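Observations on chain architecture
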Amino acid sequence: MNSIFIRIYGGMLLVLIAVSCLALISIRMVNDVRAEDYRERMATGTFRLMADNLEPMDTAERQKALAVWSRLIGVPLELNSLDSLQLESSSWSRLIRGRVLARSKGPGNVRVYSLVDLAEEVVLTADIQRISEQLGRATLFLIADELVRHPDTEMPRWLSELRRDKGFGYPLRLTRLAEADLDTDQMRRLDEFDTVLSLGPEGNAVMMYMKIPDTQWVLSMGPVYQMQDYPTEMLLITGLLALSLSGLLIYLLVRQLEQRLMNLESAALHITRGNLDARAEVIGNDSVGSLARAFNDMARHLQSLMSIQREMIGAISHELRTPVARLRFGLEMVESAEGEDALKRYLESMDGDLTELDKLVDEILTYARLEQSAPALVLAPVDVPAVIEQVLAELAPINPQVSIEFSDRSRGRACWVDAEKRYLHRAVTNLVSNAARHAAGRVKVVTRVKGGRCQITVEDDGPGIPEAYREHIFTPFLRLDDSRTRASGGYGLGLSIVRRVVYWHDGDARVEASRDLGGAAFIIDWPLRRQ
């Protein structure tokens, strides 16, 4: 038991370590993906704007524009053929769809790609160390250069379309100079056509401003937030704390399970040591609770079997004592017999004792087979009234002083009932024989079909059975009157065999008071059809 739970706890520890390692790797991967997405959002608008402006130009114009923009941005810009870049197919697909790629080339170094002309397979590339103020200033100049081509009143609409079409990853706004939230010095710098850099409202972002030439519009970019990696140490500590609390909760739950299983193990050990009264404590309705209930049912059944076994051993010893004693007495009398007639009489008596022993052994073996395990029942359609008539014909010569009547009230439905014919014959024989032994003069057998079940009732006009003894009458070797002589016959097993036969047919056997004859009424019933 302990080794099982040691393995469980060890497995939980390994899971915690594995989950922690996976969480650390996952955090790094997520940070890498977030950084790439951030770089692409920051570069998309600027490089898409430059690439679209380069598309209608010829080679000389492109080189001139690249030289101007390189000085403006502060990084060298190049035009490369698509084949020379050696990009994977997924990157090709994204470039063709108008996406801007930002690929890390080492610590702090990012290469940006933007498709200029698909027909010529020309790509604009640049190596950027970081998102700098100069890059932001260049972006403002490029946007302003686009806006000055349109009337003053149309500029806000064109800016909105430009931001949407080029995919800028940060807000762009046009504000009237008088409405700009800037101080005097910043206003002065805007009038000098300089760019103004300031912190955002919450102090964790950057805003950039530029005045559109010959207008009262102020172009603002931002707030642009700095990309913050998920803090690995904090997330790892938080994850470890959560996993530790989960592990503690699991341990407490498993510990309860361990204690309940140890209780079950203790009950099993008590039973192996001979204490058949030991039972497991049943707690809850879960799987362990169901196991404990099943264990207790097994223990009760085992105790019952052991009790029956002890009773059978004692009863068999008692039942064998009388015929064996008579046989021993017969042997002594044979030795001293005088004449052939006396010898013959003693031998016939011994033969009767042997027959009685044979019947007793047959009854014991039959009951043992039915009690200890399920017999090999071969269920087949049986004509129940025909079986009863056969039994009555066999018993009539044995009990000529008793009138045995049979009535089939099943309207023919009892002529096709699933049963094992051999065992059914034995059960009916035992019931009718028992009734005939105790009847004053009449026995009545009736067959009925009620609620999909076949019912056989055997009634007699004997003294009946007191209500307090009606359930115990089916106990093996039980006789209600121990003073009853052997002349009444039987060994106390007949009714026990009846109940076991009916049990294995999924039926029931019981005894009531006979309303018609005043004696006992034994009733057995079982399903007409078995699945």
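Residues numbered from 1 in each chain as written. Predicted model: local features only at pLDDT ≥ 70, side-chain atom pairs only at ≥ 80, totals over all residues. Heavy atoms only, no water.

Topic: the overall build of the protein
- When helices and strands are tallied, the protein shows 12 helices and 15 strands.
- When contacts within the protein are restricted to residue pairs at least 6 apart in sequence, long-range pairs at least 24 apart make up 64% of them.
- A total accessible area of about 30000 Å² is found for the protein, and carbon and sulfur atoms account for 55% of it. (Helix = DSSP H or I, 4+ residues; strand = E, 2+ residues; numbered from the N terminus. Contact = heavy atoms within 4.5 Å. Areas by Shrake-Rupley, 256 points an atom, 1.4 Å probe, with all protein chains shown as cover.)

Things to note about the pairing of strand β8 (residues 217–225)
- β8 sits mainly inside the fold: eight of its nine residues count as buried.
- As paired elements, strand β5 (residues 172–176) and β8 share five bridges and run antiparallel to each other. Bridge pairing in β8 places R176 opposite W217.
- In terms of strand pairing, strand β7 (residues 205–211) meets β8 through six bridges, oriented antiparallel. Residue pairing across strands places K211 opposite V218, the latter belonging to β8. (Buried < 20%, exposed > 50% of the residue type's maximum accessible area, 1.4 Å probe, protein only. Pairing = 2+ DSSP bridges.)

Quick word on the pattern of salt bridges
- Tallied over the entire structure, the rule returns 26 salt bridges.
- For D52, the salt bridge identified is with R48, shortest N-O distance 2.9 Å. Here D52 pairs with R48, and both are found in helix α1 (residues 2–54), just four residues apart, close to one helical turn.
- The exposure class assigned to D52 is partly exposed, which follows from its relative accessible area of 24%.
- Across the salt bridge formed by E146 and R149, the nearest N and O atoms sit 3.6 Å from each other.
- For E146, a relative accessible area of 14% puts it in the buried group.
- Its relative accessible area of 54% is what places R149 among the exposed residues.
- One salt-bridge network, in which partners are shared between bridges, spans R453, D508, R510, E512 and D525. (Salt bridge = Lys/Arg side-chain N within 4 Å of Asp/Glu carboxyl O.)

Regarding the nonpolar core
- One finds V384, I456, F522 and W526 to be the most contacted residues of the largest nonpolar core, which totals 45 residues.
- For this core, the element with the highest residue contribution is helix α11 (residues 421–438), accounting for seven residues.
- Those residues within four positions of F522 in sequence are excluded, and the remaining contacts are L431, N434, I456, T457, V458, I465, I473, F474, L495, R510 and V511.
- M42, V75, L142 and L219 belong to the second-largest nonpolar core, a separate cluster that totals 44 residues. (Core = buried A, V, L, I, M, F, W, Y, C linked by side-chain atoms within 4.5 Å.)

Let's talk about the side chain of T457
- As for its position among the elements, T457 is in strand β13 (residues 453–460).
- Not counting the four nearest positions on each side in its chain, T457 is found in contact with K444, V445, V446, R448, A521, F522 and I523.

What to know about unusual backbone geometry
- G222 connects to P223 through a cis peptide bond whose omega is 5°.
- Among the secondary structure elements, P223 is positioned in strand β8.
- Of note, R411 is a non-glycine position whose phi angle comes to about 55°, a positive value.
- Structurally, the position occupied by R411 is in the loop between β10 (403–408) and β11 (417–419).
- Overall, R411 belongs to the exposed group, its relative accessible area being 80%.

Some words on the packing of helix α10 (residues 384–395) against α11
- Two elements in contact, α10 and α11, have axes separated by 10 Å at closest approach and are oriented at 50°. Judged on the interaxial angle alone, α11 and α10 are oblique. Crossing of α10 against α11: the hand is right-handed. Facing V384, V387, I388, Q390, V391, L392, E394 and L395 of α10, the residues of α11 in contact are K421, L424, H425, V428, T429, V432 and S433. (Axes fitted to C-alpha atoms, helices over the stretch in contact; angles between N-to-C directions. Parallel < 35°, antiparallel > 145°, perpendicular 65-115°, else oblique. Left-handed = near helix turned anticlockwise from the far one by under 90°.)

Comments concerning the packing of aromatic side chains
- Counting across every chain of the model gives three aromatic pairs.
- Summarising the aromatic geometry, the rings of Y503 and W504 are spaced 4.9 Å apart at their centres and angled 75° between planes, so their arrangement reads as edge-to-face.
- Its relative accessible area of 44% is what places Y503 among the partly exposed residues.
- Over the aromatic face of W217 sits the side chain of R176, whose NZ or CZ is 3.7 Å from the ring centroid. (Phe/Tyr/Trp six-rings, centres within 6.5 Å; stacked < 30°, edge-to-face > 60°. Lys NZ or Arg CZ within 6 Å of the ring centre and 35° of its normal.)

Some words on the sheet that holds strand β14 (residues 508–513)
- Taken in spatial order, the five strands make up an open sheet running β10-β12-β13-β15-β14, and their pairing is mixed. Of all strands in the sheet, those with a lone pairing partner are β10 and β14, marking the two edges. Taken pair by pair, the neighbouring strands of this sheet meet at an average axis angle of 15°, ignoring direction.
- Sheet analysis places β13 next to strand β15 (residues 520–527), joined by seven bridges and oriented antiparallel. Counted as the bridge partner of R453 is P527 from β15.
- Sheet contacts for helix α12 (residues 494–504): β14 and β15; angle to β15, the most-contacted strand, approximately 25°.

Quick notes on the sheet that holds β5
- Read across the sheet, four strands follow the order β5-β8-β7-β6 without closing on themselves; strand pairing throughout is antiparallel. Each edge of the open sheet is held by one strand with a lone partner, namely β5 and β6 (196–199). Across this sheet, the average inter-strand angle for adjacent strands is 25°, counted without regard to direction.
- Against the sheet, helix α5 (residues 155–166) touches β5 and β8, its axis set at about 170° to β5.

A word on the side chain of T429
- Position of T429 among the secondary structure elements: in helix α11.
- On the basis of relative accessible area, T429 is assigned to the buried category, the value being 17%.
- Among all residues touching T429, those that are not within four sequence positions of it are V391 and L395.

Focus on a nonpolar patch on the surface
- A contiguous nonpolar patch, built from L241, L245, L248, Y251 and L252 and spanning about 490 Å² of accessible area, is present on the exposed surface.
- We classify L241 as exposed; its relative accessible area is 53%. (Patch = residues over 30% accessible without salt bridge, like charges linked within 9 Å, V, L, I, M, F, W, Y side chains within 5 Å.)

As for the confidence of the model for the protein
- Per-residue pLDDT for the protein has a mean of 82; in total, 89% of the residues score no lower than 70.
- Segment residues 482–488 is flagged for pLDDT under 50; beyond a separation of four residues in sequence, or across chains, it makes six contacts in the model. (pLDDT = per-residue confidence, 0-100.)

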